[in-house]
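Observations on the model geometry
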Amino acid sequence: MYKKSTDKDWVSAVLTAALGAGIATSFAISQGQHPLMGLGITAFAVCAALLIDHYA
């Protein structure tokens, strides 16, 4: 009856994950965490969001 949209919006998934993780890791970096660790956490969040978006 209702046509479910199958189009995935990967751009919004990437932006949402990057912004959310970026805010958290920027606070952690300000508290002394290494910047590369923060970038790694952000990259992992983006990859996880893309996988969840693809398979959900």
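Right above here is the structure, for reference.
Numbers given for residues are sequential positions, taken from 1 along each chain in its written order. Side-chain atom pairs in this predicted model are given and counted only at pLDDT of 80 or more, local residue features only at pLDDT of at least 70, and totals for whole chains, interfaces and linings cover all residues. Values shown for side chains rest on all heavy atoms present in the structure; no hydrogens or waters enter the calculation.

**Thoughts on the overall build of the protein**
The condition that has to hold: Helix and strand definitions here come from DSSP, where helices need a minimum of 4 consecutive H or I residues and strands a minimum of 2 consecutive E residues; each element is numbered from the N-terminal end. Think of it in three bands: residues with accessible area under 20% of the maximum for their type are buried, residues over 50% are exposed, and the middle band is partly exposed, with areas taken using a 1.4 Å probe on protein chains only. Accessibility throughout is a Shrake-Rupley quantity obtained with a 1.4 Å probe, and a residue counts as covered only by protein chains that appear here.
Within the protein, the regular secondary structure consists of two helices and zero strands. In the protein, which comprises 56 residues, the share counted as buried stands at 16%. As presented, the protein carries roughly 4,600 Å² of accessible surface, and 73% of it is formed by carbon and sulfur atoms.

**Details of helix α1 (residues 10-30)**
Keep this limit in mind: How far a helix is expected to stretch is found by multiplying one less than its residue total by 1.5 Å. In what follows, residue pairs with any heavy atoms lying within 4.5 Å of each other are defined as contacts.
Along its 21 residues, α1 runs 29 Å from first to last C-alpha, staying within 8% of the 30 Å computed at 1.5 Å per residue. Residues of α1 that are buried sit in contact with α2 (35-55). Following α1 by one or two positions, G32 adopts a phi angle in the positive range, close to 115°.

**Some words on a nonpolar patch on the surface**
Here is the rule we go by: Note on patches: the residues involved have over 30% relative accessible area and no salt bridge, like charges join within 9 Å, and the nonpolar side chains Val, Leu, Ile, Met, Phe, Trp and Tyr join within 5 Å. Salt bridge, as used here, is a side-chain nitrogen of Lys or Arg placed within 4 Å of a carboxyl oxygen of Asp or Glu.
Taken together, V11, L15 and L19 make up a surface patch of nonpolar side chains, about 310 Å² in accessible area. If you trace the backbone, V11 turns up in helix α1.

**A closer look at the side chain of T25**
As a reminder, the rule being used: Contacts described as polar in this section are N or O atom pairs within 3.5 Å, which, within protein, must combine one atom able to donate a hydrogen with one able to accept it, while residues neighboring in sequence count only if both atoms come from side chains.
By secondary structure assignment, the location of T25 is in helix α1. Of the polar contacts made by the side chain of T25, one reaches the backbone oxygen of A21; its length is 2.8 Å.

**A closer look at the packing of α1 against α2**
What counts, and what does not: Lines fitted to C-alpha atoms define the axes here, with helix axes fitted over just the stretch in contact, and angles between the N-to-C directions of these axes take values from 0 to 180 degrees. Oblique is the label for any angle not under 35 degrees, not over 145, and not in the 65 to 115 range, which are roughly parallel, roughly antiparallel and roughly perpendicular in turn. Rotating anticlockwise by less than a right angle from the far helix to the near helix defines a left-handed crossing, while the corresponding clockwise rotation defines a right-handed one.
Here α1 crosses α2 at 155°, and the two axes come no closer than 8 Å. Classified by the angle between their axes, α1 and α2 sit roughly antiparallel to one another. The chirality of how α1 crosses α2 is right-handed. Listed contacts from α2 to W10, A13, V14, A17, A18, A21, G22, T25 and I29 of α1 are P35, G38, I41, T42, A45, V46, A49, L50, D53 and H54.

**Points about the environment of A28**
Relative to the helices and strands, A28 resides in helix α1. Exposure remark for A28: the relative accessible area of 24% places this residue in the partly exposed category. A sequence separation of 10 residues divides A28 from G38, and the C-alpha atoms of the two residues are 7.6 Å apart.

Function cannot be read off these values alone, since they describe shape.
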